[in-house]
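Letter by letter, the chains look like this.
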Amino acid sequence: MVSALGWVQQNAEQYGIDTSRISLGGMSAGGTLAMNAAYRLQAGTITPSAGALPRPPVSVVGFYPGTDVSGMWKEDTAGSREAAELFTGATPQQYPERYREVSPTTGIRSALPRTLLVVGDRDRNARPETVTEFADALRAQGVDAQVKQLPFAEHAFDDAYGSLTSQTSRQILLDFLI
C-alpha cells in the first residue's frame, strides 16, 4: 500500500491527481492496512518495498476495520482469532512484534490524518464498541476521527451492492471526502 501511494504521488500530474487530497482506505483487513500505513507514514516508521517514501495521505478510511489485532486474537469472537493468525502468520506468542506493528492502536498519536471509521452495529468481527473506543483514543490525541455506525448491519455490510447499508455507507464516504 505504501509503494502504491508513492507511485500515485509520483505520477499524479500525468493523471490529473491532486496530491493534497489523497486518502487511503479499505474494508476489514484492508481498512486495518490503510490505517496502519497512514499512521506509520506520519510517524516515519514504515518504508515502501519499492520506490520513494511517499507523503502521508490527508485522510484515512476504515470500513469495519480491525483496530487491535492482539485484541482480536484474545477475544476470539466470530473467528477473529483465526483472522488474526491469517493476518500475521502466527499467534501473538510466536510473533508479538508483528501483532504490535500491524495494529493501528499502536500508532495512536497526535497529528495523524483525519480518520473515518464505518461499522455495523451488529458486527461481531470489528465490534462497534472497539471501533468507537479506537476513535475516542484518536480524538483524545487531537485527531479528527469520525465513527458512523450503521443500524442492523453486520461485517461486510456493503457487499450487497445497492442495499440500504451499501448506499448509506457510500454517502458517508462521499461526505467525508468532500
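Here, every reference points to the structure presented above.
The numbering scheme is per chain: residues are counted from 1 as the chain's sequence reads. Under the rules for a predicted model, residues below a pLDDT of 70 receive no local features and side-chain atom pairs below 80 are neither given nor counted, while totals for whole chains, interfaces and linings still include all residues. Think of the side-chain values as coming from all heavy atoms in the structure, minus any hydrogens and water.

Asker: How would you explain the overall build of the protein if you had to name every residue and give the values?
Answerer: When helices and strands are counted, the protein shows eight helices and four strands. Secondary structure elements follow DSSP: runs of H or I no shorter than four residues count as helices, runs of E no shorter than two count as strands, and numbering proceeds from the N terminus. Helices and strands in the protein line up, N terminus first, as α-α-β-α-β-α-α-α-β-α-β-α. Computation of the radius of gyration draws on C-alpha atoms, with the globule rule given as 2.2 Å multiplied by the number of residues to the power 0.38. A compact globule built from 178 residues would reach a C-alpha radius of gyration of about 16 Å, and the protein, at 16 Å, matches this within 12%. Viewed in the frame of its principal axes, the protein has a C-alpha envelope of about 45 × 40 × 30 Å. Across the 178 residues that make up the protein, the buried fraction comes to 42%. In the protein, once contacts between residues fewer than 6 apart in sequence are set aside, the share between residues at least 24 apart is 68%. Of the roughly 9,300 Å² that the protein leaves accessible, carbon and sulfur atoms contribute 51%. Looking at the protein, you have 15 positive and 19 negative side-chain charges, and the mean spots of the two groups are 4 Å apart. Exposure classes here rest on a 1.4 Å probe applied to the protein chains alone. A residue is buried below 20% of its type maximum, exposed above 50%, and partly exposed in between. It only takes one pair of heavy atoms within 4.5 Å for two residues to be counted as in contact. Computed with the Shrake-Rupley method and a 1.4 Å probe, the accessible areas treat only the protein chains shown as cover for residues. We count Lys and Arg on the positive side and Asp and Glu on the negative side, and we leave His and both chain ends out. By convention, charge coordinates are those of NZ in Lys, CZ in Arg, CG in Asp, or CD in Glu.

Asker: Tell me about the packing of aromatic side chains, residues and numbers included.
Answerer: Paired rings are identified among Phe, Tyr and Trp, the last through its six-membered ring, by centres lying within 6.5 Å, and are further divided according to the angle between planes into stacked (under 30 degrees), edge-to-face (over 60) and tilted (the rest). Tallying each qualifying case throughout the model produces five aromatic pairs. With centroids separated by 5.8 Å and ring planes inclined at 40°, the aromatic side chains of Trp7 and Tyr15 adopt a geometry described as tilted. In this structure Trp7 comes out as partly exposed when scored by relative accessible area, which is 46%. Among the aromatic residues, those joined into a ring-pair cluster are Phe63, Tyr64 and Phe157. Comment: the charge-over-ring label is applied if NZ (Lys) or CZ (Arg) is within 6 Å of the ring centre and within 35 degrees of the ring normal. Cation over ring: Arg98 sits above Tyr95, and NZ or CZ is 3.7 Å from the ring centre.

Asker: Please provide a residue-by-residue account of the side chain of Ser70, values included.
Answerer: Looking at the secondary structure, you find Ser70 in helix 4 (residues 69-75). Taking relative accessible area as the criterion, Ser70 reaches 18% and is therefore assigned buried. Discounting residues that sit within four places of it in the chain, Ser70 has contacts with Tyr99 and Ser103.

Asker: Give me helix 5 (residues 80-88): which residues, what numbers.
Answerer: Within the span of helix 5, buried status applies to Ser80, Ala84 and Thr88. Burial along helix 5 is one-sided: seen end-on, the buried residues are contained in an arc of 60°. Opposite the buried face of helix 5, at more than 90 degrees from it, the exposed residues are Glu82 and Leu86. In the stretch just after helix 5, Gly89 is the one whose phi turns positive, near 95°. What the arc measures is the spread of directions leading from the helix axis to the C-beta atoms.

Asker: Account for the pattern of salt bridges, with residues named and values stated.
Answerer: Within this document, salt bridges are pairs made up of a side-chain nitrogen of Lys or Arg and a carboxyl oxygen of Asp or Glu, the two lying within 4 Å of each other. Considering all chains together, one arrives at five salt bridges under this definition. Two residues, Glu97 and Arg100, come together in a salt bridge whose shortest N-O distance is 3.0 Å. Here Glu97 and its partner Arg100 are both found in helix 6 (residues 96-102), three residues apart, which amounts to about one turn of the helix. Accessibility expressed as a relative area gives 42% for Arg100, which makes it partly exposed. With a shortest N-O distance of 2.5 Å, Glu129 and Arg127 are connected by a salt bridge. Glu129 sits in the partly exposed class, given a relative accessible area of 39%. The structure contains a network of salt bridges with shared partners spanning Glu75, Arg127 and Glu129.

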